[in-house]
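So the chains spell out like this:
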Amino acid sequence: MKKILKFKSIVMVALFFSATSLYAQKAEVPDHKYELGAKINEMTLTQGGTMVVATNDGLVGIKPGKEGLLFNFTDYGRVKPEQLNFIPMAPYVMVGQTGFASISSKKAVIDYMSGKVLFTTESKGWKNVFTCDVMMPQNKLVVSGFQKGDEKNAGVTAKVAVYDLNTGDEDYSFFLVEPGKVTMRSYAVTGRPLLLKDKLLVPTSQGIIAKTKSGETLWENKVKNINWMTSNESESDIYAFTTTTNGKNTKIFKIKSNGNSAWPDERKVKGGISNFQILPQGIAVVSDVAASGKKGLAKLAASRAESKITLLSASNGEDLWDKTPKTKGYVQHFYIMDDGILFGIKEGGINKISYGGKTLFKKPLKTGENILTMAQTAQGLIYITSEDANIVNLNTGEQVWDKPLKFKRADVVSSDYDKKNDRYLITADEKLFSIDAKSGTSELLTEIDFDGKEDPTSVEVRDGGVLLTSDQNMMMLDWSGSTSWHEYKRAPGKSAFGAILAGVTAVATAAASTAAYSSANQNRNSLGSYTSRGQRDANFGAGMAAASGASVAEMLKRFKATSATQNAQFVLTKLDDGVGLVKLNKDTSVLEKEIVLKNKKPEYQVDGYGGYLYYKANNSTIYSYNLNN
C-alpha cells in the first residue's frame, strides 16, 4: 500500500459519505456557469484561488464568485502541462513554448489575479527568448534574447530587458554588446540574472556583466557560464554557482561588489545544491549526491547517495570544517541556529554542528525514518517521524522524554497541540497518543476503530474535543478520549473520486529553483515553533509581504482570511439523486449543504481554503458552487 504521510502543517480536506439532513441546503443550480468554448484538458487551482484551465484553445482563468472568464489566452493555442510554470508565492503563471529544434522560444506571463497578460514575446517584439525569470519580491520580469529594433543588427544582438510586473511596462533594457560591433566572442545569457538594488548582474558565456538601470556597464569579469547567483542582504557578497560539465558536481565562486573575485580559486562541492545559507562565517551548502547506478565492485568505490553539508569560509572559500558531518542519507531538514546548524536526515537521525565544526550533540540522535516535523517547543525540539516522536534538548541532543513514543512503520502519522490541556496529540497505528508537554509522560488515550479498514489521517483539536478523520470516517472524542460520536458512510466508489485541494498547500508550480525560492523566502531555514494550522497559513502569507502590487495584496488577503475548512468538511458521497458533494459541520457532523453532480464519475476540484467547488459539467463547461453559503 502506498505510504501517505500527513501532518498538521498541511490543510487537509477529507472525503466522507453522509445521510441527507432535512435541514441541509440543496444546490442543484450552480452559482456560476463558465462556457470555455474548447475541450478542457486540465484544471489547476492556484495559490491565489484562481482556477486556471488548460484547453485545446489555450489557457482560461476563472475567478471565484465572479461572472464570466477572468482571461482567455489563446495566442499560443493548446498549452501542455509541462509548458506551464506557476511562480511560487506570486500571482503569475508563465507559459513557455519552444519551436522545432529549439530554434525559437515563446514566453507569456499572465497575472492570474487580475487577468492581465503582462508579457508576450510577440507583443514586446522578441524574436527569441533565452531566459525569462520572475524576480520576487521586486515584482520584476527579466528577459534575455533577441529583440527586434530600429538599430542595425539589433535583431541578432543579445539583449536584456527588465519589466515592471505591476504594469507590464519596460523599466529599462540594454544590449550585451553594441549592435553591429565586430567581435570574436559570442555573448549568450547562461543562467538566471541577479537583480540587486542598484544594478543587474547578468551571467553570460563570457563572464558576469553588471549593468545599471540606465544600461551602463559597471564591470565585467571572466567568471563564465554561471547558472545562478545569490547575495547577502547588504549585497556586498555575491555567490555564483555552476554545474560541472558531467553534471555531478557544483562550482562555487565568491565575487566582490566591484566584480573582482573574493576567493583565490573557485570551490567545488559534490552533487547538486539543494539548500544554502549565507552566514557571517561564509556560506553553508547542502549538496545532494545521486546514486552512481554502478553495480558490483564498482559500486563499492562509487560515492553513496547522500547529502553533503559544507561550510565555506567567507574570506578564502576554504572548508571551515576539518571533518564533513556524516549524514548517511539525504538532508530533509536544515536549520540555522545561533550556535550552529541543525539538520535532520530523511533516512533517520538528527544532529547539530557548530560553525567551528564541533559536534554540539553528545552523540547523533537516532530517530525513525522520514522526519515529518521538527519544531521548537518550550521544552526543546520536538520531532515526529513515521516511526517515533520525542522532544530533545537543543543544546545537548539528550531526550527530554524518558522514552520516545514509538509506533510501527505507520502509513499515516498526524499531530496537533492541545493548548487547553498543554499536551501533544499524535495518531499512528490506529491509536491516539497524548504526551504531556511539561513532563513528557505519554498516554494511550484510545485505540481507534475506524470502519472500512481505514486509519485516521488527521487529528484536530476543536473547542469541544478532539476530531479524528479519514476518507470515510469522522469521530469526535472528549478530552479523556471517549467517543462522543462516530460517523462512517460508504464511499460512492473509487471511480467517483475527483481531486480535493487545500488552497494554501496545493501549490500549482513546477519545482522552484533554489535561487528563485530563496529570494522569495528569506526565512526558509529558520526553525519554527510548533503552531496551529491557522498560524502556519498566516506565516506562509507573511513570506509574500515584502512584495508590492495590487495582485500580491489580493493574494495576501486570502491567507489572512478564515479558511472555509475551519469549521466544515467538504465530502463526496452518494446522495439519493446521484453522486454529490456535501458540507459537514466539524463539531456536530450535521450536514449543512449538498450539491448533486449527477455524474457517476465526476471530475471536480474543491478549493478547501476559499470554499468553492469547480465541477466539469461537460467537455467545455465548468460549474462553480459557493460552499460558504
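See the structure printed just above.
Given the structure is predicted, the values throughout are model-derived calculations rather than measurements. (Residues numbered from 1 in each chain as written. Predicted model: local features only at pLDDT ≥ 70, side-chain atom pairs only at ≥ 80, totals over all residues. Heavy atoms only, no water.)

I'm lost on the overall build of the protein in this one. Help?
What the protein contains, in helices and strands, is four helices and 47 strands. The 629 residues of the protein split such that 54% are buried. At a minimum sequence separation of 6, the contacts of the protein that also span at least 24 residues come to 45%. Accessible surface computed for the protein: about 28,200 Å², of which carbon and sulfur atoms make up 47%. (Helix = DSSP H or I, 4+ residues; strand = E, 2+ residues; numbered from the N terminus. Buried < 20%, exposed > 50% of the residue type's maximum accessible area, 1.4 Å probe, protein only. Contact = heavy atoms within 4.5 Å. Areas by Shrake-Rupley, 256 points an atom, 1.4 Å probe, with all protein chains shown as cover.)

Looking at this structure, I do not really get the packing of aromatic side chains. What am I missing?
A ring pair, where both rings are aromatic, is described by two values, the distance of the centres and the angle of the planes. Following the criterion strictly, the structure yields 11 aromatic pairs and no others. With centroids separated by 5.2 Å and ring planes inclined at 80 degrees, the aromatic side chains of phenylalanine 73 and tyrosine 76 adopt a geometry described as edge-to-face. Neither phenylalanine 73 nor tyrosine 76 differs from the other in exposure class; each is buried. Counting every residue linked through ring pairs, the aromatic cluster contains Trp228, Phe241 and Phe276. (Phe/Tyr/Trp six-rings, centres within 6.5 Å; stacked < 30°, edge-to-face > 60°.)

Explanation requested: a negative patch on the surface in the structure shown.
The grouping of Glu430, Glu447, Asp449 and Asp451 at the surface amounts to a negative patch. A relative accessible area of 33% means that aspartate 451 is categorised as partly exposed. (Patch = residues over 30% accessible without salt bridge, like charges linked within 9 Å, V, L, I, M, F, W, Y side chains within 5 Å. Salt bridge = Lys/Arg side-chain N within 4 Å of Asp/Glu carboxyl O. Lys, Arg positive; Asp, Glu negative; His and termini not counted. Charge placed at Lys NZ, Arg CZ, Asp CG, Glu CD.)

Quick question: what am I supposed to make of the sheet that holds strand 35 (residues 431-436) here?
Consider a sheet: its strands pair through backbone hydrogen bonds, and that pairing is either parallel or antiparallel. One open sheet holds the four strands; their spatial order is 33-34-35-36, and the pairing between them is antiparallel. Of all strands in the sheet, those bounded by a partner on one side alone are strand 33 (414-418) and strand 36 (442-447). Taken pair by pair, the neighbouring strands of this sheet meet at an average axis angle of 20 degrees, ignoring direction. Looking at chain direction, strand 33 and strand 34 (residues 423-428) are connected through five bridges and run antiparallel. Looking across to strand 34, one finds that serine 414 is bridged to threonine 427. (Pairing = 2+ DSSP bridges. Axes fitted to C-alpha atoms, helices over the stretch in contact; angles between N-to-C directions.)

Whenever I open this one, a positive patch on the surface confuses me. Can you help?
On the surface, a cluster of positive charge is made up of Lys323, Lys326, Lys328, Lys363 and Lys366. When you line up the elements, lysine 328 lands in the loop between strand 25 (306-313) and strand 26 (331-336). We classify lysine 328 as exposed; its relative accessible area is 55%.

How do you make sense of unusual backbone geometry when you look at a structure like this?
For residues besides glycine, phi is generally negative; the peptide bonds are generally trans as well. With an omega of 10 degrees, the peptide bond running from methionine 136 to proline 137 counts as cis. Within the secondary structure, proline 137 sits in the loop between strand 11 (126-135) and strand 12 (140-147). The backbone of methionine 89 shows a phi angle near 55 degrees, a positive value even though the residue is not glycine. Note on placement: methionine 89 falls in the loop between strand 7 (84-86) and strand 8 (92-98).

Where do I start with the side chain of threonine 46 in this structure?
Structurally, the position occupied by threonine 46 is in the loop between strand 3 (40-45) and strand 4 (51-55). Here the side chain of threonine 46 touches threonine 50 through a polar contact of 2.8 Å, landing on its backbone oxygen. (Polar contact = N/O pair within 3.5 Å; in protein donor to acceptor, adjacent residues only side chain to side chain.)

Is there a simple way to explain helix 4 (residues 550-560) in this structure?
Since the α-helix turns once every 3.6 residues, residues separated by three or four places project in the same direction. Taken as a whole, helix 4 has its buried residues at Ser551, Val552, Met555, Leu556, Arg558 and Phe559. One side of helix 4 carries all its buried residues, which in axial view fall inside an arc of 150 degrees. Among the exposed residues of helix 4, those oriented more than 90 degrees off its buried face are Ala550, Lys557 and Lys560. (Arc of directions from axis to C-beta.)

Any chance you could explain the pairing of strand 29 (residues 371-377) here in plain terms?
Regular strands show a simple pattern: their side chains alternate between the two faces of the sheet. Buried residues dominate strand 29, accounting for six of its seven residues. Hairpin connection, strand 29 to strand 30 (residues 380-385): the antiparallel pair is bridged by two residues.

Would you mind going over the sheet that holds strand 28 (residues 350-354) with me for this structure?
One open sheet accounts for three strands, arranged 26-27-28; its pairing is antiparallel. The two strands at the open ends of the sheet, each matched to only one other strand, are strand 26 and strand 28. Adjacent strand axes in the sheet meet at a mean angle of 20 degrees when their direction is disregarded. Both strand 27 (residues 340-345) and strand 28 contribute to a ladder of five bridges, which runs antiparallel. Within strand 28, the residue paired with glycine 340 across the bridge is serine 354.

Would you take a moment to explain the environment of tyrosine 609 for this structure?
Assignment of secondary structure puts tyrosine 609 in the loop between strand 45 (604-607) and strand 46 (612-618). For tyrosine 609, a relative accessible area of 4% corresponds to the buried category. There is a polar contact of 3.3 Å between the side chain of tyrosine 609 and the backbone oxygen of arginine 558.

Whenever I open this one, the nonpolar core confuses me. Can you help?
Generally speaking, a soluble globular protein has its nonpolar side chains buried in company with each other. Counting 20 residues, the largest nonpolar core has Tyr92, Phe119, Val134, Leu141 and Val143 as the members making the most contacts within it. The set of elements that each furnish at least two residues to this core consists of strand 8, strand 10 (117-120), strand 11, strand 12, strand 13 (159-164) and helix 4. The dominant element in this core, judged by the number of residues it contributes, is strand 11, at four residues. In this view, valine 143 contacts Phe119, Trp126, Val129, Thr131, Cys132, Lys159, Val160, Ala161 and Tyr163; residues no more than four positions away in its chain are not counted. Core analysis: the second largest hydrophobic core is formed by 18 residues, Ala389, Trp401, Phe407 and Ala437 among them. (Core = buried A, V, L, I, M, F, W, Y, C linked by side-chain atoms within 4.5 Å.)

How should the pattern of salt bridges be read in this particular structure?
Should their charged atoms come close, side chains of opposite charge can pair. Under the criterion given, the structure shown has 17 salt bridges. Here aspartate 339 ties to lysine 352 by a salt bridge, and the two come within 2.9 Å at their closest N and O atoms. With aspartate 339 in the loop between strand 26 and strand 27 and lysine 352 in strand 28, the pair connects residues that are 13 residues apart, well separated along the chain. Here lysine 352 falls in the buried class, since its relative accessible area comes to 2%. The shortest N-O distance in the salt bridge between aspartate 607 and arginine 558 comes to 2.9 Å. Within this pair, whereas aspartate 607 is found in strand 45, its partner arginine 558 is found in helix 4, the two being separated by 49 residues in sequence. There is no split in this pair, since aspartate 607 and arginine 558 are both buried. Salt bridges linked by common partners bring Glu460, Arg462, Lys586 and Asp587 together as one network.

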